[in-house]
Amino acid sequence: MTKNIAQIAYDKLEIQDLITRYAFTFDGGDLEAWADLFTEDMVWELRIPIRDEPVMTLTGKKTFVDYMTKTNAENRALYSELEGLGAFHLMAGTTFDELTDTTARTRTMAAPLMQSFNDDGKELDLKNWHSVLQAQVLFGGIYHGWYRKVDGEWKIAKKIFYASPNALKIDS
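Since this is a predicted model, take the numbers as computed values, not measurements.

Caption draft 1: Highlighting the nonpolar core. The biggest cluster of nonpolar side chains holds 25 residues, and the ones touching the most others in it are Tyr22, Trp34, Phe38, Phe64 and Tyr147. Counting only elements with at least two residues in this core, the list comes to α1 (5–27), α2 (31–35), β1 (38–47), α3 (61–81), β4 (103–117), β6 (141–150) and β7 (153–162). At five residues, α1 tops the list of elements feeding residues into this core. Aside from chain neighbours lying at most four places away, what touches Phe64 is Tyr22, Trp34, Phe38, Met42, Trp44 and Leu58.

Set out below in structure tokens:
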């Protein structure tokens, strides 16, 4: 069945919003909203270019959410100890490799950013406020995402992060 252009546009916007909410809810600590983004049978993997097998594979929403909730809490404890330190995902450049009525596959460029502020108390204004900011991209890569429509709502079914600039290939 061929989708009309309005439905294609709507589905793409919904999935792009889902990708953005993945970063905003996790980075903002709203783990309840974040957990709601996934299917119950979801899979998450981390891959690096020097290994043939994934560094980590987490299967099932509960396993994934439990692991990432612990990781998020540890990160937040570190940030609270080091005043002004924080990290967040930069997500950009999503392309759709497949889109049907009930499934989709995407690739999204991503980079976690760590930043801190070393404020010496001097006066700051629009010209120099950034002088107290130090930022670092921790690593970059590509999120390959598989999505499934569940009860009329798009959910993340599988997500693989390839921490590599050579991760542009499509994986099945």
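From this point, the discussion proceeds with the structure in view.
Caption draft 2: Spatial organisation of the layout of surface pockets. In this structure, the largest pocket encloses a volume near 590 Å³. Forming the boundary of the largest pocket are 26 residues, of which Phe26, Met68, Thr71, Asn75 and His89 lie nearest the centre. At the level of elements, α1, β1, α3, β3 (86–99) and β4 are the ones that each hand at least two residues to the lining of the largest pocket. Top contributing element to the lining of the largest pocket by residue count: α3, with eight residues.

Caption draft 3: Inspection of the pattern of salt bridges at higher detail. Scanning the entire structure with this criterion turns up 11 salt bridges. A salt bridge links Asp11 to Lys149, with the shortest nitrogen-to-oxygen separation between them at 3.4 Å. On the criterion of sequence distance, the pair formed by Asp11 in helix α1 and Lys149 in strand β6 is long-range, its members being 138 residues apart. When its relative accessible area of 1% is taken as the criterion, Asp11 is described as buried.

Caption draft 4: Spotlight on the confidence of the model for the chain. When pLDDT is averaged along the chain, the result is 85, and 88% of the positions lie at 70 or above. β7 holds the highest mean pLDDT among the elements of the chain, 96, whereas strand β5 (residues 133–137) holds the lowest, 76.

Caption draft 5: Expanded view of the packing of aromatic side chains. Scanning the entire structure with this criterion turns up 10 aromatic pairs. For the ring pair Phe38 and Phe64, a centre distance of 5.2 Å and an interplane angle of 80 degrees mean the geometry is edge-to-face. Of the two residues, Phe38 is situated in strand β1 and Phe64 in helix α3; the sequence distance between them amounts to 26 residues. Given the relative accessible area of 0%, Phe64 is considered buried. Cluster of aromatic residues (ring-pair linked, three or more members): Tyr22, Phe26, Trp34, Phe38, Trp44, Phe64, Phe139, Tyr143 and Phe161. Cation over ring: Lys158 sits above Trp146, and NZ or CZ is 4.8 Å from the ring centre.

Caption draft 6: Representation of the environment of Ala104 in the model. Structurally, the position occupied by Ala104 is in strand β4. A residue is classified by how much of its surface remains accessible, and Ala104, at 2% relative accessible area, is buried. Sequence separation between Ala104 and Ala157 is 53 residues, and the spatial gap between their C-alpha atoms is 9.6 Å. With residues near it in sequence (within four places) discarded, Ala104 still touches Ile15, Glu98, Leu99, Gly145, Trp146, Tyr147 and Trp154.

Caption draft 7: Molecular detail of the pairing of β6. Of all 10 residues making up β6, seven are buried, and the element is well covered by its neighbours. Examined bridge by bridge, β4 and β6 share eight bridges and lie antiparallel to one another. Pairing of Arg107 across the sheet is with His144, part of β6. In this antiparallel pair of consecutive strands, β6 and β7, the connection spans two residues, and Asp151 shows a positive phi of 50 degrees.

Caption draft 8: Layout of unusual backbone geometry. Even without being glycine, Asp151 reaches a positive phi, approximately 50 degrees. Mapped onto the fold, Asp151 is located in the loop between β6 and β7. Overall, the relative accessible area of 80% leaves Asp151 in the exposed class.

About the thresholds
Residues numbered from 1 in each chain as written. Predicted model: local features only at pLDDT ≥ 70, side-chain atom pairs only at ≥ 80, totals over all residues. Heavy atoms only, no water. Core = buried A, V, L, I, M, F, W, Y, C linked by side-chain atoms within 4.5 Å. Buried < 20%, exposed > 50% of the residue type's maximum accessible area, 1.4 Å probe, protein only. Helix = DSSP H or I, 4+ residues; strand = E, 2+ residues; numbered from the N terminus. Contact = heavy atoms within 4.5 Å. 1 Å grid on protein atoms, 1.4 Å probe; cavity = no way out; pocket = protein on both sides within 12 Å on 5 of 7 lines; lining within 4 Å. Points joined across faces, edges and corners; volume = space filled by probe spheres on them. Salt bridge = Lys/Arg side-chain N within 4 Å of Asp/Glu carboxyl O. pLDDT = per-residue confidence, 0-100. Phe/Tyr/Trp six-rings, centres within 6.5 Å; stacked < 30°, edge-to-face > 60°. Lys NZ or Arg CZ within 6 Å of the ring centre and 35° of its normal. Pairing = 2+ DSSP bridges.

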